[in-house]
Structures are given as C-alpha cells and as structure tokens.
Amino acid sequence: MKVEIQLAEGVPLPTRAIDGDAGFDLRSNVSVELAPCSRTLISTGIRLSMPQGLCALVLPRSGLALKHGITLMNSPGLIDSGYRGEIKVILYNSDTQNHFLISEGDRVAQILFLSYPDIEFVTSEYLTSSERGTGGFGHSGL
C-alpha cells in the first residue's frame, strides 16, 4: 500500500528498526529539554496523505518509557486519512527529578498504520448473547 509523504528539509523517511516490525520510528525535528513532570509538543517534519480506509496510530517507544519515563500524553494518537497537517507528538516526562534532552533526529515515537472497515450502525432492541455477556472491569479475576 502506498502512502504519500512530505518531509521537511533534512528529515529522513520513517523506518522500521528491524525488518518485519509493525511500527515505523518517528524522529524529532527539534531539540528541546523536557523538565521533570512536564510535556511538550514535538515536531516530526512529516506530513502524510493516506488513502481512505487507512489510519495511523502514534505510539510511545518502550525503551524511552522504561529507561527515562518518557511517554505520550494521548496514546495512542489517532491520525485520520483526511488529515494533511504535520505529525506532532505530545511527549511527557514522568520522571519527578531528571530533565530529558531530546535532540533533533532522536526517535521519539512510532507510527502504526491500520486498515479499518466501513461501519454501518444498525439499532437493535436485543443484542446477540456471548459467553462474556456484560462482564466488565475485573470480571476475569485480574
């Protein structure tokens, strides 16, 4: 599937860290210092044009979360096929003591592309039953 992309000057194409990975790395297009318990909007320098029926989710990087407490505020971030603006990520430093330096070119998030069906809602007086039924939060014992 082809996705059109526009890159700011000097910004590389998103890549997978390892062949076969689902997500593509997004890199910072700016350098910024993130104070403890603060958040900032990070530019990636990337704009996309996705075909209808495709969306993208912006997800945190597990290594940043584990090693530095860096995550995304609105995870996952949803990019609809009609959006043509720059992809930006809201990074949050959950560390209560340490600043975190983000340099231009650092991998800050990952993007995952998903196909989705065209949905038509049909009202119904009764829903079909299932084994789970209405069991919700903690119904399985954890």
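Not measured: the values here are computed from a predicted model.

### Considering the overall build of the protein
Part 1: A count of helices and strands for the protein gives one helix and ten strands.
Part 2: Secondary structure of the protein in N-to-C order comes out as β-β-β-β-β-α-β-β-β-β-β.
Part 3: In terms of overall dimensions, the protein is more spread out than a globule: its C-alpha atoms have a radius of gyration of 19 Å, far above the 14 Å expected for 142 residues.
Part 4: Dimensions of the protein, computed from the C-alpha atoms along their principal axes, are close to 55 × 40 × 30 Å.
Part 5: Burial analysis of the protein (142 residues in total) assigns 27% to the buried set.

### So, the nonpolar core
Part 1: Counting residues in each nonpolar core, the largest one holds 22 residues, and the members touching the most others are Leu-26, Val-58, Ile-87, Val-89 and Leu-91.
Part 2: Looking at this core, the elements that each hand over two or more residues are β4 (38-49), β5 (54-59), β6 (70-72), β8 (86-93), β9 (100-102) and β10 (107-115).
Part 3: Non-local contacts of Leu-91, meaning those with residues more than four positions away in its chain, are made with Leu-34, Ser-38, Arg-39, Thr-40, Ile-42, Ile-70, Thr-71, Leu-72, Ile-102 and Val-108.

### Overview of the UniProt feature "domain: dUTPase-like" (unreviewed entry) in the protein
Part 1: In this structure's numbering, the residues bearing the UniProt feature "domain: dUTPase-like" (unreviewed entry) are residues 11-141.
Part 2: Secondary structure within residues 11-141 divides into 5% helix and 39% strand; the distance between the first and last C-alpha atoms comes to 47 Å.

### With respect to the sheet that holds β5
Part 1: With antiparallel pairing, four strands are arranged side by side in an open sheet as β2-β10-β5-β7. Lying at the two open borders of the sheet, with one neighbouring strand each, are β2 (24-27) and β7 (77-79). Mean inter-strand twist for the sheet, computed between neighbouring axes without regard to direction, equals 30°.
Part 2: Of the pairings in the sheet, the one linking β5 to β10 comprises six bridges and is antiparallel in character. Paired with Cys-55 across the strands is Leu-114, a residue of β10.

### Comments concerning a nonpolar patch on the surface
Part 1: On the surface, Ile-5, Leu-7 and Leu-13 cluster together into a nonpolar patch covering about 240 Å² of accessible area.
Part 2: You can see Leu-13 is positioned in the loop between β1 (4-7) and β2.

### A look at the UniProt feature "binding site: substrate" (unreviewed entry) in the protein
Part 1: The UniProt record marks Arg-61, Ser-62, Gly-63, Asn-74, Leu-78, Ile-79 and Asp-80 with the feature "binding site: substrate" (unreviewed entry), using the residue numbering of this structure. The annotated residues occupy 20 residues of the chain and do not converge on a single region, their most distant C-alpha atoms lying 26.6 Å apart.
Part 2: Residues in contact with Arg-61, not counting those within four places in the same chain, are Asp-25, Ile-70, Arg-107, Val-108, Ala-109 and Gln-110.
Part 3: Mapped onto the secondary structure, Gly-63 falls in helix α1 (residues 62-68).
Part 4: Note on Gly-63: relative accessible area 29%, which makes it partly exposed.

### Focus: the side chain of Thr-44
Part 1: Relative to the elements of secondary structure, Thr-44 occurs in strand β4.
Part 2: In terms of polar contacts, Thr-44 uses its side chain to reach the backbone carbonyl oxygen of Ile-87, at 2.5 Å.
Part 3: Leave out the neighbours within four places in its chain, and Thr-44 touches Val-11, Leu-26, Arg-27, Asn-29, Glu-86 and Ile-87.

### Brief notes about the environment of Pro-36
Part 1: Relative to the helices and strands, Pro-36 resides in the loop between β3 (32-34) and β4.
Part 2: When the C-alpha positions of Pro-36 and Asp-95 are compared, they lie 5.4 Å apart, and in sequence the two are 59 residues distant.

What counts and how
- Residues numbered from 1 in each chain as written.
- Predicted model: local features only at pLDDT ≥ 70, side-chain atom pairs only at ≥ 80, totals over all residues.
- Heavy atoms only, no water.
- Helix = DSSP H or I, 4+ residues; strand = E, 2+ residues; numbered from the N terminus.
- Rg over C-alpha atoms; globule rule 2.2 N^0.38 Å.
- Buried < 20%, exposed > 50% of the residue type's maximum accessible area, 1.4 Å probe, protein only.
- Core = buried A, V, L, I, M, F, W, Y, C linked by side-chain atoms within 4.5 Å.
- Contact = heavy atoms within 4.5 Å.
- UniProt positions renumbered as here; feature names shortened; annotations may be inferred.
- Pairing = 2+ DSSP bridges.
- Axes fitted to C-alpha atoms, helices over the stretch in contact; angles between N-to-C directions.
- Patch = residues over 30% accessible without salt bridge, like charges linked within 9 Å, V, L, I, M, F, W, Y side chains within 5 Å.
- Areas by Shrake-Rupley, 256 points an atom, 1.4 Å probe, with all protein chains shown as cover.
- Salt bridge = Lys/Arg side-chain N within 4 Å of Asp/Glu carboxyl O.
- Polar contact = N/O pair within 3.5 Å; in protein donor to acceptor, adjacent residues only side chain to side chain.

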